[in-house]
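The residues making up each chain are set out below.
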Amino acid sequence: MIPAVTSPTPTLQSALAEIGGEIDRAFDALLPVPADPRARLYEAMRYSAIGGGKRMRPLLVVAGCSLFKVDRARAVRAGLAVECIHVYSLIHDDLPCMDDDDLRRGKPTLHRAYDECTAILAGDSLHALAFEILADEATHEDPFVRVELALELARAAGPAGMAGGQMMDLVAGEMTLDLASVTRLQQLKTGALIGWCLEAAAIMGKVPAEGRTGLRGYARDIGLAFQIADDLLDHEGSEEKTGKRVGKDAGAGKETFLSLLGPERARQQAQALVEQAIDHLRGFGDEAELLRAVARFAVERDH
Ligand code: FPP
Ligand code: MG
């Protein structure tokens, strides 16, 4: 089995529960269902956004923000924005034209529960909502901070980031990728958004460029470690725990960290990345304990 530890440590557990509740309540408040024909779209957005997922990305934002004493409510708003992008990407990734999946976060995928048109529009709307949240004064009083947050999220989500990585993934079935190419693909597809979470903390904390190196290294390493764990879960995890179909990578004949390294080396690599990620935080004290715990959880999780 993959994990040495299958449940998060108590502090991490309560931090995940706290941010999970905050994100659920924020989505609930932002997405009241109107009494008009758009109701189906709002209901669909709520179906995918509320009450599911580990909320790892929002947790990374708030844990990063706490290093720089950023107001919690503002940090949660930035976390909500990245969760909007994440949820939209899962909705579109599950569509028949992409991965064609029936199960996500333990329930039917959105296009299964509703229909494809609604799922596309719900994804589009969550994408737009992310930028609406960041551009709002409630996220930060300084307009330069708001613009930087939005600019960096656009870069992380677009063709130079997540969408670009997804494109590489879609064409990967037609070619044989080496380890460097798989690393690049995953850095774009998963890593860019994780990178934004820590960058957002630095932006809101007004940390100068030279002070961001450690956080960037941390984000890069946990992004890859998280993805290796994802590959291992696809191979060895259960549908019940992950809440999604497993065994997809082998079925698709795609190169992954696992197919290239084998389970033993993949596990070692993930562990080494976690240690390296934690080392990047050496300039911080106890205030970075939560980030250290998230790094460990990224590979020790069973879902
Ligand atoms: C699981 O996250 C998700 C990933 C490892 C990222 C997969 C990337 C995509 C689906 C990108 C798709 C892009 C487009 C443009 C369609 P998680 O384990 O944190 O999931 P959770 O939030 O449900 O816990
Ligand atoms: Mg998928």
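See the structure printed just above.
Everything numeric here is computed off the predicted structure, so don't read it as measured data.

Draft legend 1. Highlighting the site of ligand 1. Neighbouring residues of ligand 1: 17 residues in total, closest Lys54, Arg57, His86, Arg105 and Gln166. Side-chain polar atom of arginine 57 to an oxygen atom of ligand 1: 2.7 Å apart, as the coordinates give it. Note that an oxygen atom of ligand 1 is positioned 2.7 Å from one of the side-chain N or O atoms of histidine 86. Taking 640 Å² as the accessible area of ligand 1 by itself, protein coverage stands at 93%.

Draft legend 2. Spatial organisation of the environment of methionine 167. Along the chain, methionine 167 falls in helix α8 (residues 162-172). Counting along the chain gives 18 residues from methionine 167 to leucine 185, while the straight-line C-alpha distance between them is 8.9 Å.

Draft legend 3. Expanded view of the environment of arginine 55. Inspection of the secondary structure puts arginine 55 in the loop between α2 (39-49) and α3 (56-67). Given a relative accessible area of 3%, arginine 55 falls into the buried group. Between the C-alpha atoms of arginine 55 and glycine 79, which are 24 residues apart in sequence, the distance is 8.7 Å. One polar contact links arginine 55 to glutamate 83, side chain to side chain, over a distance of 2.8 Å.

Draft legend 4. Just the coordination of the magnesium ion (ligand 2), in detail. Looking at the metal site, the magnesium ion (ligand 2) is ligated by Asp93 (OD) and Asp99 (OD), spaced 2.1 Å from it. What makes aspartate 93 buried here is its relative accessible area of 13%.

Draft legend 5. Structural detail: a nonpolar patch on the surface. A surface patch of nonpolar side chains, about 240 Å² in accessible area, is lined by Met98, Met167 and Leu170. Within the fold, methionine 98 resides in the loop between α4 (72-94) and β1 (103-104). Judged by its relative accessible area of 31%, methionine 98 is partly exposed.

Draft legend 6. Spotlight on the pattern of salt bridges. Tallying each qualifying case throughout the model produces 28 salt bridges. Residue aspartate 24 pairs with arginine 55 through a salt bridge whose shortest N-O separation is 2.8 Å. With aspartate 24 in helix α1 (residues 10-30) and arginine 55 in the loop between α2 and α3, this pair connects stretches of sequence that are 31 residues apart. Overall, aspartate 24 belongs to the partly exposed group, its relative accessible area being 23%. Between arginine 74 and glutamate 141 there is a salt bridge; the shortest N-O distance is 2.7 Å.

Draft legend 7. Representation of helix α6 (residues 116-135) within the structure. Taking 1.5 Å per residue, 20 residues should reach 28 Å; α6 reaches 29 Å between its end C-alpha atoms and fits that length. Taken together, the buried positions of α6 are occupied by Thr118, Ala119, Ala122, Gly123, Leu126, Leu129, Ala130, Ile133 and Leu134. The arc that holds the buried residues of α6, viewed along the axis, is 140°, so those residues lie on one side. The exposed residues of α6 that point more than 90 degrees off its buried face are Cys117, Glu132 and Ala135. Against α1, α2, α4, α5 (110-113), α7 (143-157) and α9 (179-204) lie the buried residues of α6. At the N-terminal end of α6, a side-chain oxygen is found 3.1 Å from the backbone nitrogen of cysteine 117, two or three residues along, and the residue is aspartate 115.

Cut-offs used in this document
- Residues numbered from 1 in each chain as written.
- Chains lettered and ligands numbered in written order.
- Predicted model: local features only at pLDDT ≥ 70, side-chain atom pairs only at ≥ 80, totals over all residues.
- Heavy atoms only, no water.
- Near = heavy atom within 4 Å.
- Polar contact = N/O pair within 3.5 Å; in protein donor to acceptor, adjacent residues only side chain to side chain.
- Areas by Shrake-Rupley, 256 points an atom, 1.4 Å probe, with all protein chains shown as cover.
- Helix = DSSP H or I, 4+ residues; strand = E, 2+ residues; numbered from the N terminus.
- Buried < 20%, exposed > 50% of the residue type's maximum accessible area, 1.4 Å probe, protein only.
- Donors = N, O, S within 2.8 Å, 3.2 Å for Na, K, Ca; no water.
- Patch = residues over 30% accessible without salt bridge, like charges linked within 9 Å, V, L, I, M, F, W, Y side chains within 5 Å.
- Salt bridge = Lys/Arg side-chain N within 4 Å of Asp/Glu carboxyl O.
- Expected span 1.5 Å × (residues − 1).
- Arc of directions from axis to C-beta.
- Contact = heavy atoms within 4.5 Å.

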